[in-house]
Amino acid sequence: MQQPPTALAPEQQHWKRNLFVCVLGSFSTIVAMTLLLPFLPLYVQQLGVQEPAAIARWSGVAYGATFFSAALTAPLWGKLADRYGRKLMLIRASLGMAIAMSLIGMATAPWQLVALRLLAGLLGGYASGSTILVAAQTPKEQTGWALGVLSSGIMAGNVVGPLLGGVLPPLIGIRHTFWLTGAVIFLAFLATTFLLKEAPRQAKKAAQSSSIEEKPVNLPVVRLMWLSGMLLIFANMSIEPIITLYVGQFVTGDHAITVTAGLVMAAAALGSIVSAPRLGRLADRIGHGRVLVYGLIACALLLIPQAFITAAWQLVVLRFLMGMALGGLMPCVTALIRHNVPQAQVGKMLGYSTSAQYVGQVSGPLFGGFVGGAFGMRPVFLATCVIMALCALLNARVLRRN
């Protein structure tokens, strides 16, 4: 157990403190990215757009802009992290996000809002940068647990962001909400700058050149993990467009439908927050590939009863259980990439993985909306079940062979 830390010994001395800083920084930046979801149409309206169809268009473009530019630039930031240092990329991301969020609060036209959301995605990437740093610095036998803790922080940001977006604007106003968020991210920038520890680049290069652990990229496994990461996000997002309509079949009254749909969405995220560190620790013990395959099978099986519920509370329970099954799988994907690439290419390969996940984030709702509109809502769950089962089968075959 004492042998592996040759190349990364200086960094591994601080991996727990670095993990703590990365969790807090990722949480605050994810909150910032999702915060404006509840009030985005109202802000677009404040910027001078009055026609309902135009408000919907501008809102959709503004929200998607951040994820679009983040998907395009993730591999580049990963590659630069390998070359110039992972801490430097986190400093850039946190400072860039703090500036972008503050500027969004000063927008005076809808095109400026879209441009600044593009800028936020272009300059951001703190959560993906944290994943790269934690994956690279954590001792191998603790990788799954550490990535699980980080994943819980990211998922918590996805839950808290929209909640704060519903609470803060009525209290302090929309523009002040953005400025407050920018200030919180600036605190994450200060914590990253002064608390995060990374070994000097020369020391790392010397360690890498003498390391006997360096091996070529295991492309079949790495490509499979890109696909698996995309499909995990895809499965989680595929029912997003139909949740409210589906819940409406079992609940009456607009208010009750909205509240129940919110509970269904939050249940999956809460399940992931609870399970991610535990499944990560289990994966460290019995193998990341095994946990990934069994988790995919569990997701596929849990999707079947979701298509045949008779009451809304059943969907809340099933989505919570599915969130628990999904929670530890993304850390397993990241750990398997980390263990199948040389240290010098960790950032680049995980950057491509992040881009693949953004593809899942976009294609999942599109798939769910198309299938739901063409064939009804129940087939969305069953079609996603088939995709998850095929992904589990593919992982079982490729990982056994490798």
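Cut-off values and rules
Residues numbered from 1 in each chain as written. Predicted model: local features only at pLDDT ≥ 70, side-chain atom pairs only at ≥ 80, totals over all residues. Heavy atoms only, no water. 1 Å grid on protein atoms, 1.4 Å probe; cavity = no way out; pocket = protein on both sides within 12 Å on 5 of 7 lines; lining within 4 Å. Points joined across faces, edges and corners; volume = space filled by probe spheres on them. Helix = DSSP H or I, 4+ residues; strand = E, 2+ residues; numbered from the N terminus. Buried < 20%, exposed > 50% of the residue type's maximum accessible area, 1.4 Å probe, protein only. Phe/Tyr/Trp six-rings, centres within 6.5 Å; stacked < 30°, edge-to-face > 60°. pLDDT = per-residue confidence, 0-100. Contact = heavy atoms within 4.5 Å. Expected span 1.5 Å × (residues − 1). Core = buried A, V, L, I, M, F, W, Y, C linked by side-chain atoms within 4.5 Å. Disulfide = S-S within 2.5 Å.

A. The arrangement of empty space enclosed by the protein in detail. Per the counting criterion, the structure on display carries three cavities of 30 Å³ or more. The volume enclosed by the second largest cavity comes to roughly 90 Å³. Along the walls of the second largest cavity sit 14 residues, with Trp77, Gly78, Ser128, Gly129 and Ile132 positioned nearest its centre. The set of elements that each furnish at least two residues to the lining of the second largest cavity consists of α4 (52-84), α5 (86-104), α7 (126-137) and α17 (346-375).

B. Molecular detail of the environment of Val291. With respect to the helices and strands, the residue Val291 is situated in helix α14 (residues 288-306). Note on Val291: relative accessible area 6%, which makes it buried. Put simply, Val291 and Gly280 are 11 residues apart on the chain and 8.7 Å apart in space, counted from C-alpha to C-alpha.

C. Inspection of the packing of aromatic side chains at higher detail. Tallying each qualifying case throughout the model produces eight aromatic pairs. Between Phe186 and Phe189, the aromatic rings sit 5.3 Å apart at their centres with planes inclined by 40°, giving tilted as the arrangement. Placement of the pair is Phe186 and Phe189 together in helix α9 (residues 174-195), with a separation of three residues, close to one helical turn. Relative to Tyr352, the ring of Trp226 has its centre 5.5 Å away and its plane inclined at 55°; by these criteria the two rings are tilted. Here Trp226, found in helix α11 (residues 219-237), pairs with Tyr352, found in helix α17; they are 126 residues apart in sequence, far enough to count as distant. Taken together, Phe39, Tyr43 and Phe178 form an aromatic cluster joined through their ring pairs.

D. Examining the confidence of the model for the protein chain more closely. Taken over all residues, the pLDDT of the protein chain has a mean of 85, while the share at 70 or more is 93%. Within the protein chain, the lowest mean pLDDT, 49, falls on helix α10 (residues 201-210), and the highest, 94, falls on α14. Of the regions scoring below 50 in pLDDT, residues 1-9 engages in nine contacts with residues more than four places distant in sequence or in other chains. Note on residues 203-213: pLDDT under 50 across the span, and 11 contacts to partners over four residues away in sequence or across chains.

E. Geometry of α5. Here α5 contains 19 residues, and its C-alpha end-to-end distance of 27 Å stays within 8% of the 27 Å for a straight helix at 1.5 Å per residue. Burial within α5 is extensive, with 14 of its 19 residues counted as buried.

F. The nonpolar core, seen in detail. In terms of nonpolar packing, the biggest core is built from 108 residues, with Tyr43 and Met225 touching the most fellow members. Here this core gets nine residues from one element, more than from any other, and that element is helix α2 (residues 15-34). Ignoring anything within four residues of it in the chain, the contact list for Met225 reads Leu292, Val333, Leu336, Ile337, Asn395 and Leu399.

G. Representation of the state of the cysteines. Applying the stated criterion to the full structure yields zero disulfides. Considering cysteine sulfurs only, Cys332 is the nearest to Cys22, which forms no disulfide, with 19 Å between them. Given a relative accessible area of 0%, Cys22 falls into the buried group. Lacking any disulfide linkage, Cys299 is separated from the closest cysteine sulfur, that of Cys391, by 9.6 Å.

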